[in-house]
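Fold and geometry: a report
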Amino acid sequence: MTEELNGTVALVTGASSGIGEATARELARRGAAVALGARRKERLDALAHEIEGSGGRALAIETDVTDADQARRLVAETAAHFGRLDTVVNNAGVMLLGPIEDAPVEEWDRMIALNLQGLLYIAHAALPHLLEAAEDEPRRVADLVNISSVAGRTARKGAGVYNLTKHGVGAFSEALRQEVTGRHVRVSLVEPGAVDTELPDHVREEVRKATMGRLMDIERLESEDIADAIAYIVSRPRHVAVNELLIRPTEQEG
Ligand SMILES: NC(=O)c1ccc[n+]([C@@H]2O[C@H](COP(=O)([O-])OP(=O)(O)OC[C@H]3O[C@@H](n4cnc5c(N)ncnc54)[C@H](OP(=O)(O)O)[C@@H]3O)[C@@H](O)[C@H]2O)c1
């Protein structure tokens, strides 16, 4: 354990796998108490157990963040249990690629519900707590980290609605940043390239082959690479705001 985030509380959505799981582990390693939100409770329990076994503090809360009430409850229970909320990593997301023509629109609904609405519900519920934490020791600054993607900067065929959601995350983050940065709540956007996680598992088989071919062949990032970047963002001194980080595997061209 290091001590950079001692006395602070972090909430990570989508903490049951991939980037969220690695981020929760890393923030805990740096001294934060961490609340873990996702639907697969047994995975959250295992991670909480592991963190506590290493001397950290963790709270697993089964949550579907697409449900506004559950999202609000996740934030409220975190703040009530640990007494404050300094850092929120809005990470839960799904990528259902495929051409727009003949797409199952249920996939669009799922992406919009999670990547946009879920992220908005969490940000909205967390903001009062972040503003309060930003006025307080030990850091007198608070962080909202929204996870976008390379897909939030560049649109490509076969990714239209995923692009729509991640571009939306970027636009929302910049607007909110301007609203709260004067009160020392930093809003940051992280845009990973290809990371080796469960994310592509949900893409229809025929679409995965057609759209993701080369990306699956290169040496992809590990979740820990993104967790490290998020930990860097939230451990900057009070006067330093890392607004945006684009992180690709070295071999990824686009
Ligand atoms: N992997 C990449 O190449 C890559 C690249 C750029 C951006 N990203 C972004 O990184 C973020 C994390 O993705 P990942 O790559 O780590 O994929 P992942 O391993 O599939 O993780 C996604 C997480 O979201 C959670 N989740 C899904 N639906 C949810 C819901 N309704 N309510 C609460 N949590 C929900 C999942 O947990 P449960 O199923 O247990 O709920 C899981 O913990 C996403 O926003 C993704 O768009 C990933």
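Note that the structure is a prediction, hence the values are computed from the model and not measured.

Basis of the calculations
- Residues numbered from 1 in each chain as written.
- Predicted model: local features only at pLDDT ≥ 70, side-chain atom pairs only at ≥ 80, totals over all residues.
- Heavy atoms only, no water.
- Helix = DSSP H or I, 4+ residues; strand = E, 2+ residues; numbered from the N terminus.
- Expected span 1.5 Å × (residues − 1).
- Contact = heavy atoms within 4.5 Å.
- Buried < 20%, exposed > 50% of the residue type's maximum accessible area, 1.4 Å probe, protein only.
- Pairing = 2+ DSSP bridges.
- Right-handed = clockwise from strand over helix to strand, strands pointing away.
- Polar contact = N/O pair within 3.5 Å; in protein donor to acceptor, adjacent residues only side chain to side chain.
- Core = buried A, V, L, I, M, F, W, Y, C linked by side-chain atoms within 4.5 Å.

Here we look at helix α3 (residues 68–82)
With 15 residues, α3 extends 22 Å between its outermost C-alpha atoms, agreeing within 8% with the 21 Å of an ideal straight helix rising 1.5 Å per residue. In the core, the buried residues of α3 are packed alongside β1 (9–13), β2 (33–38), β3 (58–62) and α4 (105–133). Phi turns positive, to about 90 degrees, at G83, one or two residues after α3.

Focus: helix α5 (residues 160–180)
Across its 21 residues, α5 extends 30 Å between first and last C-alpha, which sits within 8% of the 30 Å expected from 1.5 Å per residue. Where α5 is concerned, the buried positions are V161, Y162, N163, T165, K166, V169, G170, S173, L176, R177 and V180. Along its buried surface, α5 packs onto α4, β5 (142–147) and β6 (185–192).

Here we look at the pairing of β5
Counted residue by residue, β5 has six buried out of six residues, so it is predominantly covered. Residues A142, L144 and N146 of β5 are buried on one face, and the alternating residues D143, V145 and I147, pointing to the opposite face, are buried as well. As paired strands, strand β4 (residues 87–90) and β5 are joined by four bridges and run parallel to one another. Bridge pairing in β5 links T87 to D143. Running through α4, the crossover from β4 to the neighbouring parallel element β5 is right-handed. Note: β5 against β6, six bridges, orientation parallel. The partner of D143 across the bridge, within β6, is R186. After leaving β5, the chain enters α5 and then returns to the sheet as β6, a path that is right-handed.

Notes on the side chain of E26
Relative to the helices and strands, E26 resides in helix α1 (residues 18–29). Judged by its relative accessible area of 14%, E26 is buried. For E26, the side chain forms a polar contact with the side chain of R30, separated by 2.8 Å. Setting aside residues up to four positions removed in sequence, E26 forms contacts with A227 and A231.

Some details on unusual backbone geometry
Leaving glycine out, the prevailing phi sign among residues is negative, and the prevailing peptide bond configuration is trans. Note the cis peptide between E137 and P138, where omega equals 5 degrees. Summarising the element assignment, P138 is placed in the loop between α4 and β5. Phi angles above zero are rare outside glycine, and D102 is one such case at about 65 degrees. In this model, H184 sits at a positive phi of 65 degrees, which is unusual for a non-glycine residue. Locating H184 in the fold gives a position in the loop between α5 and β6. Accessibility expressed as a relative area gives 27% for H184, which makes it partly exposed.

Let's talk about the nonpolar core
L85, V88, L97 and L130 are the most contacted members of the largest nonpolar core, which totals 42 residues. Broken down by element, the residue count for this core peaks at 10 residues, all from α4. Residues in contact with L85, not counting those within four places in the same chain, are V9, A10, L11, V75, T78, A126, H129, L130 and A133. Counting residues in each nonpolar core, the second largest holds 32 residues, with V12, A28, A32 and V190 among its members.

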